[in-house]
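Analysis of the macromolecular model
Each chain is listed here by its residues.
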Amino acid sequence: MKKITVGLLAHVDSGKTTLSEAMLYTSGNINKLGRVDHRDTFLDTFSLERDRGITIFSKQAIMKYRDVEFTLLDTPGHVDFSAECERTLQVLDYAVLVVSGTDGVQNHTVTLWKLLKKYRVPCFIFVNKMDLDAADKFLVTAQLKNKLSDNCVDFGTGDEGEFFENVAVCDDRLLDYYYENDSLKKSDIISAIRERKVFPCMFGSALRLKGVEEFLDCLYGYTEMPDYGAEFAAKVFKISEDNQKNRLTFMKITGGSLKVKEILKSEKNKNNEKVNQIRVYSGEKFTAAGEAEAGTVCAVTGVTFTNSGDGLGVEENSGLPVLEPVLTYKVELLDGVDSHTAMEKFRILESEDPQLNVVWDELHAELQIRLMGDIQLEVLKSVVLDRFGFEVGFGEGNIIYKETIENTVEGVGHFEPLRHYAEVHLLLKPAKRDSGLVFNRACKEDLLDKNWQRLILTHLYEKTHVGVLTGSPITDMEITLVSGKAHAKHTEGGDFRQATYRAVRQGLREAKSVLLEPVYEFTLEVPGENVGRAMTDIQRMCGSFNPPETCGESSVLTGTAPVAEMRGYTREVMQYTHGRGSLVCALKGYEVCHNSEEVIARIGYNPDNDTDNPCDSVFCSHGAGHNVRWDEVKSRMHLSAVMDTRGETEEKAAGGLFRSFSAQDDIFALDKELMQIFEQTYGPVKKRSAGEVRKRFKAEPSSDGKYKRKSAPAYDGEEYLLVDGYNVIFAWDSLRKLSQDNIDGARERLINILCNYQGYRKCEVIVVFDAYKVKGAKREVERVNNISVVYTKEAETADMYIEKTSHKLAKNNRVRVVSSDGLEQLIILAGGALRVSSRAFLEEVREAEEEIRGIIEAQNTQPDSRQI
């Protein structure tokens, strides 16, 4: 049997629950037709839902119609519960948008339409209440086309030719087929609906059961079951509890199947939690199932790690929600309940509705939550009393502001206490309004390993980053990782967390920040004699409105106004219109705050005093970490800036990273950063003349008669090459990839390479491997072919061994050390040895291999004297 998940969405009081009741009754799945005003509907089971006559929590019903099993998900229609509705959209195959034939397309209807577009959900439209005198089919049809989509097509017309023509103009492919055949294939229409190119519309009255059966036939005939993969996948859209306090995780199986006692596949399932029970709900009752196949919407017990929006198996997690609360409230404990207990209980509610965002405000020693409006506030009071047995109150709600930036900046974060290291460069770029935060990476992997880059992106996602004006969350930005640096030994995951957070904050301090406030889209209907008062009020509230429209004896104003100014205005409207006016508001989004200076001064946020979100960086000097102010970080950073010189920087990185030394190069000046540190510590280094350089390096004539230096310098006496083994392994791509699977194999491969290198260069090679973390380890020295392999003892690093050995050998011999460890290089220089970076040494090895290959080829081409 085909399984199709259909969600019902609507503006409040459009008759959505009545339609779901009528569909269940007409299809024969329930025997009694309930009514919202009689408080006996099949899906509104919560007491407060029946008292208020509105849907608060999304509900599920199984509706079998012919050979198709429809899963109906009835979602809340009130704007205060939009988050519950949005979470449900992620598991829908199709949506049914219910529009009132008397009220037409409302602001919240448009908001729901935008959500359907974002989540790419195909949509059917049912225009309800057409039995009422005020219903106007022509007017509503015009609103559907103007406010939603021009591709809204009446599927209830009896004229087949007109129907085909109206559908064909929605898509070029359909139009071409219609011109050639004067008809359309049903399969093509189904595909067009699935691709959101056609939106079927039907008209009727759910309460009178008019047009309901025709609408069911339309759903049956023009929907298709999606194709699901064989591998297990599921999307979590709701968390709740049953009457026995069992935690229920509602999900839709989007691939494979799920069985009872099976371990739920997820990276978050650290304890290998198993599914105890699979429940398929229909209203208040459920059926236990042993296995849930793809397409099934079910609830499972026995798992505690899940959250709404989680992807299980191969399913990806959901992105950030579009609809967010705009008010934060203080929780007042009335029954003497301690704050710790209350925090635990509210955490349970937060797991069910993540947007509650329960926090403990240390500064004011109070519990705070985020909500959409007053009705949600009343519902929450009732839920806390029913489930946890204590009463709560709420203080006056505060506006949730946000911050963004006007200009593009490069933020730099550096974290380098002793034995730690990480540097991160982020490009912060303003994005279009209400786009949220977008995180990207444009950093080369030869500069920073892919694993480190992924970790940085994880740290960007995991935290709510706050601005520097009021400490409000940031939004409408594109943050791109453009550069970064790690240390082969000293970098740990937590180092990049600190560097990433500090890079964001440092960039925000440099940028021009802008304060944003939430804005309502409103529809205000007042008697004609009150329209002047209404327009004056809106202007006073710093709002804007369109010219008033006359609707009988009333005037209708539509426009936008700040949430901060419009709160409580509904009561004013009811007072000055004597109960004849109405105000409907829906969140439009965020816009530039109309009184930002006043808000910033009132909040009094100081970013320099925010120890949880530091803007400064930590650098290492004289063996200890110290704080560097955000405005001085760029003068101390270890990597070059990317912004404005990005093309030049990338060209240098690509063209000069692996180049060999030329005769005119000063070997110390190859690393400018190291040279600067060395001169600050030991004084300036004299530049050698070209003649001195020629004496220092032996040159040989090449085939074109020009002199070219060999990769290794010539010398009188012994030459030693000390190699930091693990540093080289993790610096060379081929060895690093090999080490991920087999570190022993990478070590053996490096030893073989060094044996070949020594055989050609005729120098004494000592390769050193760390064993300082191995308990009880003693120093071991092995002779492998022609090189020495040293394994350090416990509590002795390769750095320590190389520093001591190079210091002794450099007194009477020529010593070169291969390492990319900055601190180690500095000590090496001070001890009289020469340093070679791991990447530069890779080029030497390659040159040596090419010369060996050339010699062998030359020998193979020479005639054998014995054959002459």
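Just above sits the structure.
Since the model is a prediction, treat every value here as computed from it, not as a measurement.

Conventions and cut-offs
- Residues numbered from 1 in each chain as written.
- Predicted model: local features only at pLDDT ≥ 70, side-chain atom pairs only at ≥ 80, totals over all residues.
- Heavy atoms only, no water.
- Pairing = 2+ DSSP bridges.
- Helix = DSSP H or I, 4+ residues; strand = E, 2+ residues; numbered from the N terminus.
- Axes fitted to C-alpha atoms, helices over the stretch in contact; angles between N-to-C directions.
- Contact = heavy atoms within 4.5 Å.
- Core = buried A, V, L, I, M, F, W, Y, C linked by side-chain atoms within 4.5 Å.
- Buried < 20%, exposed > 50% of the residue type's maximum accessible area, 1.4 Å probe, protein only.
- Lys, Arg positive; Asp, Glu negative; His and termini not counted.
- Salt bridge = Lys/Arg side-chain N within 4 Å of Asp/Glu carboxyl O.
- Polar contact = N/O pair within 3.5 Å; in protein donor to acceptor, adjacent residues only side chain to side chain.
- Patch = residues over 30% accessible without salt bridge, like charges linked within 9 Å, V, L, I, M, F, W, Y side chains within 5 Å.
- Areas by Shrake-Rupley, 256 points an atom, 1.4 Å probe, with all protein chains shown as cover.
- Charge placed at Lys NZ, Arg CZ, Asp CG, Glu CD.
- Nonpolar A, V, L, I, M, F, W, Y, C, P; charged D, E, K, R; others polar.
- Expected span 1.5 Å × (residues − 1).
- Arc of directions from axis to C-beta.

What to know about the sheet that holds strand E37 (residues 780-784)
With mixed pairing, six strands are arranged side by side in an open sheet as E37-E38-E36-E35-E39-E40. With one partner strand each, in any of the chains shown, E37 and strand E40 (834-836) form the two edges of the open sheet. Strand after strand, the sheet turns through a mean of 20 degrees between neighbouring axes, direction not considered. Bridge count between strand E35 (residues 719-724) and strand E39 (residues 814-818): five bridges; the pairing is parallel. Bridge pairing links Glu719 to Arg814 in E39. Strands E35, strand E36 (764-769), E37, strand E38 (787-791) and E39 of the sheet are contacted by helix H23 (residues 743-761), whose axis makes an angle of about 165 degrees with E36. Relative to E35, helix H24 (residues 798-809) is tilted by about 170 degrees, and along the sheet it contacts E35, E36, E38 and E39.

Brief notes about the nonpolar core
Residues Phe346, Leu380, Phe522, Leu524 and Met566 are the most contacted members of the largest nonpolar core, which totals 50 residues. If one sorts the elements of this core by residue count, strand E26 (residues 513-527) sits on top with seven residues. If sequence neighbours within four positions are ignored, Phe346 has contacts with Val331, Val358, Leu367, Ile369, Leu380, Val384 and Val392. Membership of the second largest hydrophobic core comes to 44 residues, among which are Tyr65, Phe124, Leu184 and Ile190.

Observations concerning the pairing of strand E14 (residues 297-301)
Buried residues dominate E14, accounting for five of its five residues. Neither face of E14 is left uncovered, since the one carrying Val297, Ala299 and Thr301 and the one carrying Cys298 and Val300 both have all their residues buried. Two strands pair when backbone bridges link them, and strand E9 (residues 247-255) and E14 are joined in this way by four bridges, in the antiparallel orientation. Bridged to Phe250 within E14 is Ala299. The sheet contact formed by strand E11 (residues 277-282) and E14 spans three bridges and is antiparallel. The partner of Gln277 across the bridge, within E14, is Thr301.

Quick word on the side chain of Asp616
By the element assignment, Asp616 lies in the loop between helix H17 (596-603) and strand E31 (617-621). Put simply, Asp616 is tucked away with no salt bridge, and the nearest opposite charge, on Arg629, sits 5.4 Å away. Of note is the side chain of Asp616, whose polar atom sits 3.1 Å from the side chain of Asn627. Only 2.8 Å separates the side chain of Asp616 from the backbone nitrogen of Trp630, close enough to count as a polar contact. Ignoring sequence-local partners within four residues, the contact set of Asp616 consists of Arg502, Asn627, Val628, Arg629 and Trp630.

A few points about a negative patch on the surface
Together, Asp159, Glu160, Glu162 and Glu165 make up a region of like negative charge exposed at the surface. Structurally, the position occupied by Glu160 is in helix H6 (residues 160-168).

A few points about the environment of Leu97
Within the secondary structure, Leu97 is located in strand E4 (residues 94-100). Overall, Leu97 belongs to the buried group, its relative accessible area being 0%. Measuring from C-alpha to C-alpha, the distance between Leu97 and Gly7 comes to 8.4 Å, with 90 residues separating the pair along the chain. Setting aside its immediate chain neighbours within four residues, Leu97 contacts Leu9, Ala10, Thr109, Leu112, Trp113, Cys123, Phe124, Ile125, Phe126 and Leu148.

Looking at the packing of H6 against helix H7 (residues 172-181)
Their axes nearest at 8 Å, the elements H6 and H7 cross at an angle of 140 degrees. In this structure, H6 uses Gly161, Phe164, Glu165, Val167 and Ala168 to contact H7, whose residues at the interface are Leu174, Leu175 and Tyr178. Residues that form the contact of H6 with H7 fall into these classes: six nonpolar, one polar and one charged.

A few points about helix H5 (residues 137-148)
Over its twelve residues, H5 extends 16 Å from the first C-alpha to the last, a length consistent with the 16 Å expected when each residue adds 1.5 Å. Buried residues of H5: Val140, Gln143, Leu144 and Leu148, and no others. All buried residues of H5 fall inside an arc of 105 degrees around its axis, so they share one side. With respect to the buried face of H5, the exposed residues turned more than 90 degrees away are Phe138 and Asn146. Looking at the buried residues of H5, the elements they touch are E4, helix H4 (107-118), strand E5 (123-128), strand E6 (152-154) and strand E7 (199-203).

Nothing here speaks to function; it is all geometry.
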